[in-house]
Amino acid sequence: MRGVSVARPPNGVYFLKTAVEVRAFINLLKKFRGYATTLITLYINGERPMPDVLTLLRSEWSTASNIKDKTTRTHVQDTLERIVNNLKGEAKAPENGMAVFAGFHMINPGNYEWVYYVVVPPQPIYTFKYICDTAFHTEILEDMIKSSVAYGIIVVERGEAVLAVLRGGQYEVLKTVQFFVPGKHSAGGQSANRYKRQTEHLAEVFYKLVAEEANKVFLSMPALKGLIVAGPGPTKEDFLEEGGLDYRLKDKILAVVSACCANEYGVKEAIMNAQEQLKESEYVKAKELMDRVMYYAVKKSEYMVYGKENVMRALDMGIADVVVVAEELGEDAVLDVVMRGDSKGVKVEVVPKGVEEGKTLVQAFGGYVALLNTPAWVLEQQAASAATS
């Protein structure tokens, strides 16, 4: 496809590791269009015997001979033939299954380009599906992103609360709850006692309202792995004691931490203060990765290069230990680096858009960083040699 340049690994199979990579691949696939129903999507569930798959594809090839339109018939049969030739050496699908996207992309009528991608996703494919259409079907991959591990976040202060979810590399505020709970006042005597009782009652009503909303939001999340409860002072503990949070959610509480306020800043602070408990989330991993990049930039700059040209040269030379790329650069750039890294056996890490450090990666380093296993002067020496030759 014109404008899309993605390095292909030697075996033609893309092993996707994160939700960011899956999302980039989905966006790439959505750019392709076929002449009539000529683009083939094939989902193969894990450990499925390949001979069974090939039998179905050969049967579909025979059925396609009945298609009246010559261009459609030719494209479908040619695509099926090529898929069969590529898969027939395999005994069975990988453990997580595989998805094949193949066909002739129509650049314009009469001008077509062959497209062939085989994807092994980070989560298992449980179904076998063959689809012929004008576009590739990415719904199963999209469901994987939606069903990826989620962490619920409740930030509560007196009279205000926010419910958020951390999924993949991004957090999202789902709901805010507000309720009038008066603060302290200067009245004395019986008035003070009465006012205190009223305030405590209103606070209890508020906590129950927050718990009710949290139960609705988080109990309907099948992929919820854990819950972080945060807030200033004792409000978070008071909420857990008086709010009536469902026991199933209480069992999922990973940490109770401090946070300044019940808004987006409070959500960020809650994530930061619960990093140890959230260390498996892509968001926290990305932050730790960027901490490592900044450490190299300050303390080990001779073992780091940045900018697309330098990073790609380090990758091609085999002196890159880890390559870091920003999702903000777009799916074409991300996939190009990921697949080139796969072909060279180099680990590639993608910093998601939702992480603030991703902006630092773009603004300070052009979106590309390589941490090296040999000093950067090797690259400079090679560039100088190339210039004089």
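Residues numbered from 1 in each chain as written. Predicted model: local features only at pLDDT ≥ 70, side-chain atom pairs only at ≥ 80, totals over all residues. Heavy atoms only, no water.

Taking an unreviewed UniProt entry as the reference, the protein chain is identified by name as Peptide chain release factor subunit 1 belonging to Thermoproteus uzoniensis. For the record of the protein chain, the UniProt heading Sequence similarities (unreviewed entry) holds the text "Belongs to the eukaryotic release factor 1 family." Taken verbatim from the UniProt record of the protein chain, the Subcellular location (unreviewed entry) comment is "Cytoplasm". (UniProt positions renumbered as here; feature names shortened; annotations may be inferred.)

**What about the overall build of the protein chain?**
Of the regular secondary structure elements, the protein chain holds 13 helices and 14 strands. Buried residues in the protein chain amount to 47% of all 389 residues. Summarising the internal contacts of the protein chain: among those between residues at least 6 apart in sequence, 74% fall at separations of at least 24. Here the protein chain displays about 18800 Å² of accessible surface, and carbon together with sulfur accounts for 49% of that area. (Helix = DSSP H or I, 4+ residues; strand = E, 2+ residues; numbered from the N terminus. Buried < 20%, exposed > 50% of the residue type's maximum accessible area, 1.4 Å probe, protein only. Contact = heavy atoms within 4.5 Å. Areas by Shrake-Rupley, 256 points an atom, 1.4 Å probe, with all protein chains shown as cover.)

**Remarks on the layout of surface pockets**
Taken as a whole, the largest pocket encloses approximately 620 Å³ of empty space. Along its surface, the largest pocket is lined by 31 residues, and Thr18, Glu280, Ser281, Glu282 and Lys285 are the ones closest to its centre. If you list the elements that add at least two residues to the lining of the largest pocket, you get helix H1 (19-29), helix H4 (139-146), strand S7 (160-167), helix H9 (282-299) and strand S13 (347-351). Looking at the lining of the largest pocket, the element that brings in the most residues is H9, giving six residues. Taken together, the residues of the lining of the largest pocket sort by class into 15 nonpolar, five polar and eleven charged. (1 Å grid on protein atoms, 1.4 Å probe; cavity = no way out; pocket = protein on both sides within 12 Å on 5 of 7 lines; lining within 4 Å. Points joined across faces, edges and corners; volume = space filled by probe spheres on them. Nonpolar A, V, L, I, M, F, W, Y, C, P; charged D, E, K, R; others polar.)

**Overview of H9**
Between the first and last C-alpha of H9 there are 25 Å, a value that for 18 residues agrees with the 26 Å anticipated at 1.5 Å per step. What H9 keeps buried is the set Tyr283, Val284, Ala286, Lys287, Leu289, Met290, Val293 and Tyr296. (Expected span 1.5 Å × (residues − 1).)

**Some details on the pattern of salt bridges**
Any two side chains of opposite charge can pair, given that their charged atoms come close. All chains considered together, the criterion is met by 18 salt bridges. Residue Glu237 pairs with Lys236 through a salt bridge whose shortest N-O separation is 3.9 Å. Judged by its relative accessible area of 40%, Glu237 falls in the partly exposed class. Residue classification places Lys236 among the buried positions, given a relative accessible area of 5%. With a closest N to O distance of 3.0 Å, Glu309 and Arg313 form a salt bridge. Here Glu309 pairs with Arg313, and both are found in helix H10 (residues 308-317), just four residues apart, close to one helical turn. Relative accessible area serves as the criterion here: at 60%, Glu309 is assigned to the exposed category. Note on Arg313: relative accessible area 19%, which makes it buried. Linked by salt bridges that have partners in common, Lys31, Glu331 and Asp332 make up one network. (Salt bridge = Lys/Arg side-chain N within 4 Å of Asp/Glu carboxyl O.)

**Here's the deal with the sheet that holds strand S8 (residues 170-178)**
Strand order in the open sheet formed by five strands is S8-S7-S6-S9-S10, and the pairing between neighbours is mixed. In this open sheet, the two strands that pair with only one neighbour each are S8 and strand S10 (253-258). Strand-to-strand twist of the sheet, defined as the mean angle between neighbouring strand axes without regard to direction, takes the value 20°. In this sheet, S8 lies alongside S7 in antiparallel orientation, the contact comprising eight bridges. Residue pairing for S8: Glu160 is matched across the bridge by Gln178. With respect to the sheet, helix H8 (residues 264-273) is in contact with strand S6 (150-157), S7, S8, strand S9 (224-231) and S10, its orientation differing from that of S6 by roughly 120°. (Pairing = 2+ DSSP bridges. Axes fitted to C-alpha atoms, helices over the stretch in contact; angles between N-to-C directions.)

**Some points on unusual backbone geometry**
Positioned with a positive phi, Ala36 is a non-glycine residue whose angle comes to about 55°. Looking at the secondary structure, you find Ala36 in the loop between H1 and strand S2 (39-44). Overall, the relative accessible area of 35% leaves Ala36 in the partly exposed class. Even without a glycine there, the phi angle at Glu47 is positive, about 65°. With respect to the secondary-structure elements, Glu47 resides in the loop between S2 and helix H2 (50-64).

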